[in-house]
Amino acid sequence: MPLLKPVLLVFLLSLTFHPSLAQNIVKIQVNNAQKTNEPIVGATVQIIGRKYFMLSNEEGFFDLDQAIIHKNDSLQITCIGFQSRTIAIADMLHNPHVYLRESVTELEEVKVHGSETFDIIIGNVDKKGGNSLNLSFGDKVALFIPNLGIEHGYISKFRYFAKAVLGLEDHFTEPFLIQLYSVDSVHSNPHKPLLKEALLLRASKSNKWNEFDLSQYGIQIPSNGIFVSISLLTQEEYNYQERYISTYSVLEQRRVSIKKVISPKVSFSKNVYKNLHNWIWRYKSSKWSEFPSSLGTFMLGLEVQVYE
């Protein structure tokens, strides 16, 4: 019996000091630098140089898994309305709080030239969503939005109608990229990007319009209209949201669990620009091509601040 004590002691020590999966997860909170107690929701956290990203939750937290990071890695943290920040992993592990400073909007300097301002919504304005278009991973589509005679106006918001699907009600919060393009004067396709880089966004409300502030970028609405593009990430980038759902198999005559890689759905509605034949374009094989207009139109839009 005494011979068992050292073995038992070694066994207990191994249980005490063996790291668990939970111990490898570090919770980091993203906060507003001007309001230190205010968390930033929906901030994008990406490991620089690698296809791995996270999003801060409703309390501003994201989980940093030490099993997949390298000690020399750095994170880039971005969010609409805030200045982006790059920080080394080593520094973040010692201080689980990151502070972003609010971006300064330069639009106010332009307004002094006008006496009055008002907001106008352009693009799709339907109040109820229709069907959803299932885009492939990495797909990019663009909707043309006419100017509607606006002479002086700056884009203040991007609008997106998030579609929820039965059985995948929470998928609408998955991230996607948006970009704004000028119109090619010859071929009428999306031309030059108007944002320095595409913005990573996610919806917060299902089957409703979601709005995202773009006023900080000071983009003037072009006289010949504008393209708004939405694109899905690659399947590899969505894999962290991989999950199983229950569905009925006709072949097996029973309910089965199948693996689904979750991605956001683009809501579709009636064609609001019936006289236009090139208002939807799709980016594939490194070029833009026209998309069949008979399907309807994407529920995307912009809010423009017009001044006179």
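S.K.: Would you take a moment to explain the nonpolar core for this structure?
M.R.: Within soluble globular proteins, side chains that are nonpolar generally end up buried alongside one another. Counting residues in hydrophobic clusters, the biggest one holds 43 residues, and the most contacted among them are F158, Y160, F176, L180, L201, L300 and L302. Taken together, the elements giving at least two residues each to this core come down to strand 10 (140-145), strand 11 (153-163), strand 12 (176-183), strand 14 (199-201), strand 16 (226-231), strand 20 (280-284) and strand 23 (300-307).

S.K.: Honestly, the packing of aromatic side chains in this entry has me stumped. Any pointers?
M.R.: Given two aromatic rings, their pairing is described by the distance between the two centres and the angle made by the two planes. Applying the stated criterion across every chain, the model contains seven aromatic pairs. A centroid spacing of 5.7 Å and a plane angle of 85 degrees characterise the contact between F161 and W209, whose relative ring orientation is edge-to-face. You can see F161 sitting in strand 11 and its partner W209 sitting in strand 15 (residues 209-213), a full 48 residues away along the chain. Exposure remark for F161: the relative accessible area of 3% places this residue in the buried category. Looking at W209, the relative accessible area reads 13%, which means it is buried. Aromatic rings pair up to connect Y181, Y283 and W288 into one cluster. A cation over a ring is seen here: K140 above Y283, with NZ or CZ 4.9 Å from the ring centre.

S.K.: Help me understand the pattern of salt bridges in this model?
M.R.: Per the counting criterion, the structure on display carries four salt bridges. For K27, the salt bridge goes to D63, with nearest N and O atoms at 2.9 Å. Here K27, found in strand 1 (residues 25-32), pairs with D63, found in strand 4 (residues 61-65); they are 36 residues apart in sequence, far enough to count as distant. Among the ionic pairs, D139 bridges to R282, the shortest N-O distance being 2.4 Å. With D139 in the loop between strand 9 (132-133) and strand 10 and R282 in strand 20, the pair connects residues that are 143 residues apart, well separated along the chain. Classification of R282 as partly exposed rests on a relative accessible area of 22%. Taken together, the salt bridges that share partners define one network made up of K157, R159 and E211.

S.K.: I'm lost on the environment of S103 in this one. Help?
M.R.: Along the polypeptide, S103 turns up in the loop between strand 7 (97-100) and helix 3 (107-111). Sequence spacing of S103 and G81 is 22 residues, and the spatial spacing of their C-alpha atoms is 5.4 Å. S103 has contacts with G81, F82, Q83 and Q216, leaving out every residue within four places of it along the chain.

S.K.: Before we go on, may I ask you to explain unusual backbone geometry in this structure?
M.R.: In the Ramachandran plot, S188 falls in the positive-phi region, its phi being about 65 degrees despite a non-glycine side chain. Mapped onto the elements of the fold, S188 is located in the loop between strand 12 and strand 13 (190-193). The class of S188 is partly exposed, set by a relative accessible area of 25%.

S.K.: Is there a simple way to think about the sheet that holds strand 4 in this case?
M.R.: Neighbouring strands of a sheet are bound in pairs by backbone hydrogen bonds; such pairs are parallel or else antiparallel. Read across the sheet, three strands follow the order 4-1-7 without closing on themselves; strand pairing throughout is mixed. Since the sheet does not close on itself, it has two edges, and those belong to strand 4 and strand 7, each with one partner. Across the sheet, the axes of successive neighbouring strands diverge by a mean angle of 30 degrees, strand direction being ignored. Across five bridges, the pairing between strand 1 and strand 4 is antiparallel. What sits directly across from I25, in strand 4, is D65.

S.K.: In this structure, what is going on with the side chain of N189? I would like to understand it.
M.R.: With respect to the helices and strands, the residue N189 is situated in the loop between strand 12 and strand 13. Judged by its relative accessible area of 13%, N189 is buried. Residues in contact with N189, not counting those within four places in the same chain, are S182, V183, D184, F227, W281 and W288.

S.K.: Is there a simple way to explain the confidence of the model for the chain in this structure?
M.R.: Do not read the predicted coordinates in detail wherever pLDDT is low. With 72% of its residues at a pLDDT of 70 or more, the chain has an overall mean of 75. Within the chain, the lowest mean pLDDT, 37, falls on helix 1 (residues 4-17), and the highest, 94, falls on strand 13. This model gives residues 1-22 a pLDDT under 50, and the stretch forms one contact once residues within four places in sequence are excluded. Counted against residues more than four places away or in other chains, residues 106-112, with its pLDDT under 50, gives six contacts.

S.K.: Looking at this structure, I do not really get the pairing of strand 11. What am I missing?
M.R.: Along a regular strand, successive side chains alternate from one face of the sheet to the other. Most of strand 11 sits inside the fold, with ten of its eleven residues counted as buried. Direction of pairing for strand 11 relative to strand 23: antiparallel, over a ladder of seven bridges. Each residue of the ladder has a partner; that of R159, found in strand 23, is G301.

Cut-offs used in this document
- Residues numbered from 1 in each chain as written.
- Predicted model: local features only at pLDDT ≥ 70, side-chain atom pairs only at ≥ 80, totals over all residues.
- Heavy atoms only, no water.
- Core = buried A, V, L, I, M, F, W, Y, C linked by side-chain atoms within 4.5 Å.
- Buried < 20%, exposed > 50% of the residue type's maximum accessible area, 1.4 Å probe, protein only.
- Helix = DSSP H or I, 4+ residues; strand = E, 2+ residues; numbered from the N terminus.
- Phe/Tyr/Trp six-rings, centres within 6.5 Å; stacked < 30°, edge-to-face > 60°.
- Lys NZ or Arg CZ within 6 Å of the ring centre and 35° of its normal.
- Salt bridge = Lys/Arg side-chain N within 4 Å of Asp/Glu carboxyl O.
- Contact = heavy atoms within 4.5 Å.
- Pairing = 2+ DSSP bridges.
- Axes fitted to C-alpha atoms, helices over the stretch in contact; angles between N-to-C directions.
- pLDDT = per-residue confidence, 0-100.

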